[in-house]
Amino acid sequence: MAASCSTYLITFPPSLRKSALPSYSLSWQASLPSTASFAVGRRVFPRTTKSLVVVVTAMMGAKPTVLVTEKLGEAGLELLKGFANVDCSYNLSPEELCTKISLCDALIVRSGTKVTREVFESSGGRLKVVGRAGVGIDNVDLSAATEHGCLVVNAPTANTIAAAEHGVALLTAMARNIAAADASVKAALFWVLLRKWKRSKYVGVSLVGKTLAVMGFGKVGSEVARRARGLGMQVIAHDPYAPADRAQAIGVELVSFEEAISTADFISLHMPLTPATSKILNDEVFSRMKKGVRIVNVARGGVIDEEALIRALDSGIVAQAALDVFIEEPPPKDSKLVQHENVTATPHLGASTMEAQEGVAIEIAEAVVGALKGELAATAVNAPMVPAEVLSELAPFIVLAEKLSRLAVQLVAGGSGVKSVKVTYVSSRGPDDLDTRVLRAMITKGLIEPISSVFVNLVNADFNAKQRGLRITEERVVMDGSMENPLEFIQVQIANVESKFASAISESGEIKVEGRVKDEIPHLTKIGSFGVDVSLEGSLILLRQLDQPGIIGKVGSILGEENVNVSFMTVGRTAPRKQAVMTIGVDEEPSKEALIRIGNLPAIEEFVFLKL
């Protein structure tokens, strides 16, 4: 019987903190088996009960399970099999998919499988990543995926050239009536009475000097534009998000939607299917096009109103259309659009080259395996896309961000609802050089998890914050310092709440904690108005005391009697013999009786125990 995969969050021993970078995108929690051990590099450490922050997989012979519901290239399957149990089950009904998904950690689909809200709900929280072998993700319910903390990744680069080549192939085939002429020649050879060369019927149009409007100037659209320029066409493009300099670099002018559709001789569609682009080419838009325009679509069928296109073809507004995609695939047998004499149709062949198929399989397999390992996928479509080099540089600050917010929220007194949080990033770099999206997600994680049963990750952080009415504002402050460090320190403030530890309240009335990274280790450097220097690991005891001799020894003795190991102890004070804040790091949780004894010491004014 195959063992199930359990992924746990643990704190590494100090010797590994620098070498083992934490992962955040696909963490989930489960109770730890008493006999489990955890492999990290070449060393094995016994089970720990410390604060859980890093993803590893329990080495008990278990592998995650990946369900593949549509044909995937062999190279991709082999890559998957090296890491996971792979279940290739094709042509599943929606009911069969919902039944199977509760046993799977990842799902890989192409365009034919609908990954609906019901699929995510049926997974029972086990499904952690959905991989779309291709570019478009309109068959995946992204909102439901995000709500359920499931990462969605795609393979946007491997089939780019294949799709662009197919678009140009349809463009030229349509212009020269290749498909119809080929069918005519073959029919004439078969039927003796039709032995004619129908050359005059298939006179085409030249591409040189004609205007091509590329609608959607992403990866595929820009490659089509590059090739069309090589064919001597004048290329314009419409894309509200495309940078003008990238278009200018290949000799393309970015224009408005209206100018594109009204001046083009040929229109090539390369936009995603979204609510904004659904049936964007409709009767009203066709009426504003140049009479005799020719249209190519290798993007998504739903961006064209197919009934409106038939009317435009019949009226002559659209002279020809070359379509690789349709609203319903395959189209109905009686489809008037497919049967139209001025339509060239192919069965969604955009990515169908041997090279692209293998490339897509490898790209999506690598993304899914990386995600299951806890890595932040560069092709994630519902999580912050942070370049690997930025993530590596920010790694210790990511831990710091979560620890500070986790500490701050535990200081909030019961009954005080956390609604307003301000995060300040202080850096010697300019605001444009600091990507804080992943830091914000980890701040959210630290704020929500200690006070709820919800598990927060990069995918669902913003959703969970919004659901709870939690407003997080960010401020970037530039100060002198080393340009080598992305951040000098991070400050977290929670407004309009009461605190369990009054000393954590700043002069302006908010709970305030501040920290920085020292030697790759996150440290607490300020709480309220008190300066401290505390490594953020294990658990903490915060005490406000009158600064007088003997207090440190008395507190240490109480903990020693309870067999609680002290990892560090620091004292920050306003002035000698005045108020001071003592911060104690402990490896074990003290008993309630020990904490009461500490609180009853005459010089202790208040204290709080915090789990990090």
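Right above here is the structure, for reference.
What comes next concerns the included structure. (Residues numbered from 1 in each chain as written. Predicted model: local features only at pLDDT ≥ 70, side-chain atom pairs only at ≥ 80, totals over all residues. Heavy atoms only, no water.)

With respect to the pattern of salt bridges
Note that side chains of opposite charge can pair when their charged atoms are close.
Phase 1: Scanning all chains against the criterion turns up 24 salt bridges.
Phase 2: Residues Glu 402 and Arg 406 are paired through a salt bridge, measuring 3.0 Å at the closest nitrogen-oxygen approach. Here the residue Glu 402 and the residue Arg 406 both occupy positions in helix H14 (residues 388-410), the gap between them amounting to four residues, near one helical turn.
Phase 3: Given the relative accessible area of 11%, Arg 406 is considered buried.
Phase 4: A salt bridge links Arg 437 to Asp 435, with the nearest nitrogen and oxygen atoms 2.7 Å apart.
Phase 5: The partly exposed category is assigned to Arg 437, whose relative accessible area is 41%.
Phase 6: Look at the salt bridges and you will find they share partners, linking Glu 402, Arg 406, Lys 445 and Glu 449 into a network. (Salt bridge = Lys/Arg side-chain N within 4 Å of Asp/Glu carboxyl O. Helix = DSSP H or I, 4+ residues; strand = E, 2+ residues; numbered from the N terminus. Buried < 20%, exposed > 50% of the residue type's maximum accessible area, 1.4 Å probe, protein only.)

What to know about the nonpolar core
Phase 1: Within the largest apolar cluster, 51 residues are counted, with the highest numbers of intra-cluster contacts made by Leu 411 and Ile 527.
Phase 2: Tallying contributions element by element places H14 first for this core, with nine residues.
Phase 3: In this structure, Leu 411 is in contact with Glu 498, Ser 499, Lys 500, Phe 501, Ala 504, Ile 511, Val 513, Ile 527, Leu 542, Val 608 and Leu 610, ignoring residues within four places of it in sequence.
Phase 4: Counting 30 residues, the second-largest nonpolar core is a separate cluster that includes Ala 213, Leu 269, Leu 313 and Leu 323. (Core = buried A, V, L, I, M, F, W, Y, C linked by side-chain atoms within 4.5 Å. Contact = heavy atoms within 4.5 Å.)

Points about the pairing of strand S21 (residues 521-527)
Phase 1: Among the seven residues of S21, six are classified as buried, and the element is accordingly described as predominantly covered.
Phase 2: Sheet analysis places strand S20 (residues 511-518) next to S21, joined by six bridges and oriented antiparallel. Paired with Glu 514 across the strands is Lys 526, a residue of S21.
Phase 3: Two strands pair when backbone bridges link them, and S21 and strand S22 (residues 530-535) are joined in this way by four bridges, in the antiparallel orientation. (Pairing = 2+ DSSP bridges.)

With respect to the sheet that holds strand S7 (residues 106-109)
Phase 1: An order of S6-S5-S7-S8-S9 is seen for the five strands of this open sheet, with the pairing classed as parallel. Both edges of this open sheet fall to strand S6 (85-88) and strand S9 (151-154), since each of them pairs with a single strand only. Across the sheet, the mean angle separating the axes of adjacent strands is 20 degrees when strand polarity is ignored.
Phase 2: Here four bridges tie S7 to strand S8 (residues 129-132), and the two strands are oriented parallel to one another. Bridge pairing in S8 links Ala 106 to Val 129. (Axes fitted to C-alpha atoms, helices over the stretch in contact; angles between N-to-C directions.)

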